[in-house]
Amino acid sequence: MDIDNIKDRGLAKKWQGFFMPEHVEGLKQMWIDQKKIQMPLLDDYQIQEFEERIKYAKDYKLPVEFTLFDNGFTDVIIGRIHSFDQLKQKIKLILDDNTVEYILFSEIMNVQIQD
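A brief report on the enclosed structure follows. Since this is a predicted model, take the numbers as computed values, not measurements. (Residues numbered from 1 in each chain as written. Predicted model: local features only at pLDDT ≥ 70, side-chain atom pairs only at ≥ 80, totals over all residues. Heavy atoms only, no water.)

1. With respect to the pairing of strand β2 (residues 73-85)
Put simply, side chains in a regular strand alternate between the two faces of the sheet. As a reminder of what qualifies: A strand pair is defined by DSSP finding two or more bridges across the two strands. Secondary structure follows DSSP: runs of H or I at least 4 residues long count as helices, runs of E at least 2 residues long count as strands, and numbering of each begins at the N terminus.
Here strand β1 (residues 63-70) pairs with β2 via 8 bridges, running antiparallel. In the strand pairing of β2, F66 is matched with I77. Sheet topology places β2 next to strand β3 (residues 90-95); 6 bridges connect them, and they run antiparallel. Following the sheet pairing, R80 is matched in β3 by I94. Hairpin connection from β2 to β3: 4 residues lie between these consecutive antiparallel strands, with Q89 at a positive phi of about 60°.

In structure tokens form, the structure reads like this:
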């Protein structure tokens, strides 16, 4: 029997894979969860260094780049520090488009002063 002469009846199309919407949503969520990171633990030296950079940037009105932890992902915000509240653990940041953003100290992963 010659393999080239075999006629397929088209059954391959009938048995294509089928994913229910719940399966697709579950797979998407699994891929998102795999990309998440853990919040790094900062030691006292890093926290003190961040506080010094924040104070320096506030005193000289320099733009600051904050890397923030947001539900397993990182977010970068750039702006000028208007004020910070040690008791509430908040920083009031003025962005380039003059909008106000509040940052919690507990969300900060890194602080860089922009030149």
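2. Some remarks on the packing of aromatic side chains
Spelled out, the test is: For this analysis, a ring pair means two rings from Phe, Tyr or Trp (six-membered ring only for Trp) whose centres lie within 6.5 Å, classed as stacked if their planes differ by under 30 degrees, edge-to-face if by over 60, and tilted for the remaining angles. Exposure classes here rest on a 1.4 Å probe applied to the protein chains alone. A residue is buried below 20% of its type maximum, exposed above 50%, and partly exposed in between.
What the rule picks out here adds up to 1 aromatic pair. Between Y56 and Y60, the ring centres sit 4.8 Å apart and the planes meet at 50°, which makes this aromatic pair tilted. Here Y56 falls in the partly exposed class, since its relative accessible area comes to 44%. Taking the relative accessible area as the measure of exposure, Y60 reaches 54% and is therefore exposed.

3. Describing the sheet that holds strand β5 (residues 108-113)
In a beta sheet, neighbouring strands pair by backbone hydrogen bonds and run either parallel or antiparallel. We count it as follows: Geometry is summarised by axes, namely lines fitted to C-alpha atoms with helices restricted to the contacting stretch, and by angles between N-to-C directions that run from 0 to 180 degrees. When checking whether two residues touch, look at their non-hydrogen atoms; a contact exists if any pair is within 4.5 Å.
Ordered in space as β4-β3-β2-β1-β5, the 5 strands form an open sheet in which the pairing is antiparallel. Looking at the sheet topology across the chains shown, the edges are occupied by β4 (100-104) and β5. Adjacent strand axes in the sheet meet at a mean angle of 45° when their direction is disregarded. Where β3 meets β4, 5 bridges bridge the pair, whose relative direction is antiparallel. Note that in β4 the partner of K90 across the bridge is L104. Here helix α3 (residues 44-59) sits on the sheet and contacts β1, β2, β3 and β5; the angle it forms with β5, its principal contact strand, is near 40°.

4. A closer look at the pattern of salt bridges
Going by this rule: By convention in these notes, a salt bridge is any Lys or Arg side-chain nitrogen within 4 Å of a carboxyl oxygen on Asp or Glu.
Taken as a whole and assessed by the stated rule, the structure comprises 3 salt bridges. Ionic pairing is found between D33 and K36, a salt bridge with its closest N-O pair at 3.8 Å. Two residues, E49 and R53, come together in a salt bridge whose shortest N-O distance is 2.2 Å. Of this pair, E49 and R53 both sit in helix α3, 4 residues apart, which is roughly one turn of the helix.

5. A short note on the side chain of T67
Looking at where T67 falls in the secondary structure, it is placed in strand β1. You can call T67 buried: its relative accessible area is 17%. Among residues more than four places away in sequence, those in contact with T67 are T74, D75, V76, E107, I108, M109 and N110.

6. What to know about the nonpolar core
One recurring pattern in soluble globular proteins is that nonpolar side chains are buried together. Rule in force here: Here, the term nonpolar core denotes a set of buried Ala, Val, Leu, Ile, Met, Phe, Trp, Tyr and Cys residues that are joined through side-chain atoms within 4.5 Å.
If you look at the biggest cluster of nonpolar residues, it comprises 15 residues, and the most contacted ones within it are F66, I81, I91 and I108. Mapped by element, the contributors of at least two residues to this core are α3, β1, β2, β3 and β5. In this view, F66 contacts I54, D75, V76, I77, I81, I91, L93, I103, I108, N110 and V111; residues no more than four positions away in its chain are not counted.

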